[in-house]
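# Descriptive structure summary
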Amino acid sequence: GAGVSQTPSNKVTEKGKYVELRCDPISGHTALYWYRQSLGQGPEFLIYFQGTGAADDSGLPNDRFFAVRPEGSVSTLKIQRTERGDSAVYLCASSSRQQERAFFGQGTRLTVV
Amino acid sequence: SQQGEEDPQALSIQEGENATMNCSYKTSINNLQWYRQNSGRGLVHLILIRSNEREKHSGRLRVTLDTSKKSSSLLITASRAADTASYFCATDTSGSARQLTFGSGTQLTVLP
């Protein structure tokens, strides 16, 4: 596709439920990033993939959060036992290997009620 | 954690005026980037300035970088109502967008 695609654009879930957020990066981009943005704040880094492997997952807040990228393209961010504090916009970005800038998707707004 | 801090947090100006936003950061960087965000959704890359550059222009945008003070500024000249958005600086310590660290942003409102 022409840009980074994220689905769903909005997700409302009940506390304690499991959610999956999907990111479809720009074709050919080997690097993929997940960020989380709370209201009134800047995005905060969660995890970075280079190809299929998570090269840096230091931003994941706890073990309820997990992300995969099994074929080096589409990535899924998985959140178990959601809490109200997980409510935020989850942003995905991708870049080519030597690129310095990242291309962001429109984000998924997650609301945990 | 957020490395950059933007100043001011909010800025309101009239159409046609210039808008200046500042960003300070804490650690050594490879480059600094400015992004724009409308309505709390996707981020759009505006401009990148490398650590060995002092000033860069792109259309109505002018970015400066002072590595000795660990600060950057973004100037938007002849502002338009369509420039209304949140603006974020992001520092890159790796040189390959590996882990951009964003500031908390400046909310710019341009009044028609």
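Relevant structure appears above.
Quick summary incoming for the structure in this document. (Residues numbered from 1 in each chain as written. Chains lettered and ligands numbered in written order. Predicted model: local features only at pLDDT ≥ 70, side-chain atom pairs only at ≥ 80, totals over all residues. Heavy atoms only, no water.)

A few words on the overall build of chain B. Counting its regular elements, chain B contains zero helices and 11 strands. For chain B, the sequential pattern of α-helices and β-strands runs β-β-β-β-β-β-β-β-β-β-β. Here the C-alpha radius of gyration of chain B, 13 Å, is about what a compact globule of 112 residues would show, namely 13 Å. Out of the 112 residues belonging to chain B, those deemed buried represent 50%. Pairs at least 24 residues apart make up 56% of the contacts formed inside chain B by residues separated by at least 6 positions. As displayed, chain B has an accessible area near 5,000 Å², and 45% of this comes from carbon and sulfur atoms. Across chain B, 12 positive and 10 negative side-chain charges occur, with their mean positions spaced 6 Å apart. (Helix = DSSP H or I, 4+ residues; strand = E, 2+ residues; numbered from the N terminus. Rg over C-alpha atoms; globule rule 2.2 N^0.38 Å. Buried < 20%, exposed > 50% of the residue type's maximum accessible area, 1.4 Å probe, protein only. Contact = heavy atoms within 4.5 Å. Areas by Shrake-Rupley, 256 points an atom, 1.4 Å probe, with all protein chains shown as cover. Lys, Arg positive; Asp, Glu negative; His and termini not counted. Charge placed at Lys NZ, Arg CZ, Asp CG, Glu CD.)

Here the focus is the state of the cysteines. Residues and elements named next belong to chain A. Going through the model one piece at a time under the given rule, you end up with two disulfides over all chains. Here Cys 23 engages in a disulfide with Cys 92; their sulfurs sit 1.8 Å apart. Taking the sign of the S-S torsion, -70 degrees for the link of Cys 23 and Cys 92, the bridge is left-handed. Within this pair, whereas Cys 23 is found in strand β3 (residues 19-24), its partner Cys 92 is found in strand β9 (residues 88-95), the two being separated by 69 residues in sequence. (Disulfide = S-S within 2.5 Å.)

For the largest pocket, the calculated volume is near 350 Å³. If you list the elements that add at least two residues to the lining of the largest pocket, you get β9 and β11 (108-112) of chain A together with β9 (85-92) and β11 (106-111) of chain B. Ranked by residues supplied to the lining of the largest pocket, first place goes to β11(A) with three residues. Across the lining of the largest pocket, the residue classes tally to five nonpolar, 14 polar and one charged. (1 Å grid on protein atoms, 1.4 Å probe; cavity = no way out; pocket = protein on both sides within 12 Å on 5 of 7 lines; lining within 4 Å. Points joined across faces, edges and corners; volume = space filled by probe spheres on them. Nonpolar A, V, L, I, M, F, W, Y, C, P; charged D, E, K, R; others polar.)

A separate point is the nonpolar core. Residues Met21(B), Leu32(B), Trp34(B), Leu74(B), Ile76(B), Tyr87(B) and Leu108(B) are the most contacted members of the largest nonpolar core, which totals 21 residues. When residues of this core are traced back to their parent elements, those giving at least two are β2 (10-14), β3 (19-24), β4 (31-37), β5 (43-50), β7 (61-66), β8 (71-76), β9 and β11 of chain B. (Core = buried A, V, L, I, M, F, W, Y, C linked by side-chain atoms within 4.5 Å.)

Within a sheet, adjacent strands bond to each other through the backbone by hydrogen bonds, running parallel or antiparallel. All names here are of chain A. If you trace the four strands from one edge of the open sheet to the other, you get β1-β3-β8-β7, paired in antiparallel fashion. At either end of the open sheet lies a strand with only one pairing partner, and these are β1 (5-7) and β7 (65-68). Each strand axis lies, on average, 15 degrees off the axis of its neighbour in the sheet, ignoring direction. One ladder, built from three bridges, connects β1 with β3; its direction is antiparallel. Looking at β3, one finds that Ser 5 is bridged to Asp 24. (Pairing = 2+ DSSP bridges. Axes fitted to C-alpha atoms, helices over the stretch in contact; angles between N-to-C directions.)

These figures come from the coordinates and say nothing about function on their own.
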